[in-house]
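One-letter residues, chain by chain:
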Amino acid sequence: SIVPFFVCVLAYAVMSVLAPIALVWGADISLLIYYLACRYGGFDLSGLASWQLLLGYLVLVVAVTGLFHMRNTFFRLLGHTFEEGATSATFITSNYLFTLLEATATIPLMLVLFYGQELSAAFMFVIIGVVALLFFVRVFRGIKLFLTLANSSYLHLFYYLCIVEFGPILVLLKVVNLL
């Protein structure tokens with residue numbers, strides 16, 4: 001079952017000092033997902049009670065934050081598997097810092113998105129652009145860290161990029177296209 005693994009990942013995340021950063025980021029990204037689902041996904045949530053909306057939002061925050069921590073745990077496992085524990089720890093710290101930067105940059109934009117109805121379409125594209133830009137900067141920063149700190153081959157870097165960075169995006173795009 002995946003539940004014990006998920007509980008272990010969350011227990012590791014709670015013990016981490018940087019976990020609140022990921023929680024703020026998860027709340028921010030969950031708001032963006034909620035907005036896009038309601039505006040463009042055809043989800044009509046007007047008939048739900050406020051407690052149901054809050055519960056759904058909290059489940060979404062936990063899911064997004066849990067996926068973030070599972071990704072970092074997987075990267076830590078890759079680092080230990082290839083005997084690059086210090087490199088993976090440096091990358092995870094860098095990842096948390098970029099997450100803090102992304103949350104800090106997008107929270108004011110999210111407020112305008114929700115409360116400035118006449119500007120919402122333009123700000124939605126700005127937010128998606130900021131998230132995409134910071135994602136690519138994070139990936140290139142990770143590649144630079146790997147190339148300067150790691151003693152492994154480029155094949156390990158290729159595995160990491162395919163499995164952890166671009167693979168989930170391709171799967172998500174496939175799921176979105178099926179809907």
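Residues numbered from 1 in each chain as written. Predicted model: local features only at pLDDT ≥ 70, side-chain atom pairs only at ≥ 80, totals over all residues. Heavy atoms only, no water.

Asker: Can you walk me through the overall build of the protein in this structure?
Answerer: Per the secondary structure count, the protein includes six helices and zero strands. In sequence order, the protein lays out its α and β elements as α-α-α-α-α-α. For the protein, the proportion of its 179 residues judged to be buried stands at 34%. Contacts spanning at least 24 positions in sequence make up 77% of the contacts within the protein whose residues lie at least 6 apart. Split by element, the accessible area of the protein, about 10,900 Å² in all, is 77% carbon and sulfur. (Helix = DSSP H or I, 4+ residues; strand = E, 2+ residues; numbered from the N terminus. Buried < 20%, exposed > 50% of the residue type's maximum accessible area, 1.4 Å probe, protein only. Contact = heavy atoms within 4.5 Å. Areas by Shrake-Rupley, 256 points an atom, 1.4 Å probe, with all protein chains shown as cover.)

Asker: I'm lost on helix α3 (residues 50–81) in this one. Help?
Answerer: Residues spaced three or four apart along an α-helix point in a common direction, a consequence of the helix completing one turn every 3.6 residues. For α3, spanning 32 residues, the distance from its first C-alpha to its last is 46 Å, which sits close to the expected 46 Å at 1.5 Å a residue. Of the residues trailing α3, E83 is marked for its positive phi of about 55°. (Expected span 1.5 Å × (residues − 1).)

Asker: Would you take a moment to explain the side chain of R138 for this structure?
Answerer: Along the polypeptide, R138 turns up in helix α5 (residues 120–149). If sequence neighbours within four positions are ignored, R138 has contacts with F68, F91, N95, F98, T99 and E102.

Asker: What's the story with a nonpolar patch on the surface in this structure? I'm lost.
Answerer: There is a patch of nonpolar side chains on the surface, built from F74, L77, L155, F158, Y159 and I163 and spanning about 570 Å² of accessible area. For the nonpolar patch, the element with the highest residue contribution is helix α6 (residues 154–178), accounting for four residues. Inspection of the secondary structure puts L155 in helix α6. Exposure remark for L155: the relative accessible area of 45% places this residue in the partly exposed category. (Patch = residues over 30% accessible without salt bridge, like charges linked within 9 Å, V, L, I, M, F, W, Y side chains within 5 Å. Salt bridge = Lys/Arg side-chain N within 4 Å of Asp/Glu carboxyl O.)

Asker: Could you clarify how one ought to interpret helix α4 (residues 85–115) in this entry?
Answerer: The end-to-end C-alpha distance of α4 is 44 Å, a good match for the 45 Å that 31 residues give at a rise of 1.5 Å each. Helix geometry: α4 is bent most strongly at I107, by close to 30°, with proline P108 lying one to four residues after it. (Bend = angle between axes of the 7 residues up to and from the residue.)

Asker: Looking at this structure, how should I read the side chain of N72?
Answerer: Structurally, N72 is set in helix α3. You can call N72 buried: its relative accessible area is 2%. Filtering out sequence-adjacent residues up to four positions away, N72 remains in contact with I92, N95 and Y96.

Asker: Where do I start with the environment of L18 in this structure?
Answerer: Mapped onto the fold, L18 is located in the loop between α1 (2–15) and α2 (19–39). Note: C-alpha distance between L18 and L100 (82 residues apart in sequence) is 9.4 Å.

Asker: Mind showing me how you'd approach the nonpolar core here?
Answerer: Soluble globular proteins tend to pack their nonpolar side chains together in the buried interior. Grouped together as the largest cluster of nonpolar side chains are 11 residues: A22, W25, I29, V64, F68, F75, F91, I92, Y96, A103 and L145. Among the elements of the structure, α2, α3 and α4 are those that each provide at least two residues to this core. Considering each element in turn, this core owes the most residues, four residues, to α4. Setting aside anything within four residues of it in sequence, one finds F68 in contact with A22, W25, N95, Y96, T99 and R138. Counting residues in hydrophobic clusters, the runner-up holds seven residues, among them L109, M110, M124 and I127. (Core = buried A, V, L, I, M, F, W, Y, C linked by side-chain atoms within 4.5 Å.)

Asker: What is the right way to read the packing of α2 against α5 from this model?
Answerer: Between two packed helices, what matters for the description is the angle formed by their axes and the separation of those axes. Relative orientation of the contacting elements α2 and α5 amounts to 135°, with a least axis distance of 12 Å. On the basis of the axis angle, α2 is oblique to α5. Once α2 is placed against α5, the crossing between them reads as left-handed. Residues I29, L32, Y35, L36 and R39 of α2 lie in contact with α5, whose contacting residues are S120, M124, I127, I128 and V131. (Axes fitted to C-alpha atoms, helices over the stretch in contact; angles between N-to-C directions. Parallel < 35°, antiparallel > 145°, perpendicular 65-115°, else oblique. Left-handed = near helix turned anticlockwise from the far one by under 90°.)

Asker: Could you clarify how one ought to interpret the packing of α2 against α3 in this entry?
Answerer: Direction vectors running N to C along α2 and α3 enclose 125°, while the axes themselves pass 8 Å from each other. With respect to α3, the element α2 is oriented oblique. With respect to the hand of their crossing, α2 and α3 are arranged in right-handed fashion. Between α2 and α3, the contacting residues are A19, A22, L23, W25, G26, A27, I29, S30, L31, I33 and Y34 on the first element and Y57, L60, V61, V64, T65, F68 and H69 on the second. Taken together, the residues of the contact of α2 with α3 sort by class into 14 nonpolar, four polar and no charged. (Nonpolar A, V, L, I, M, F, W, Y, C, P; charged D, E, K, R; others polar.)

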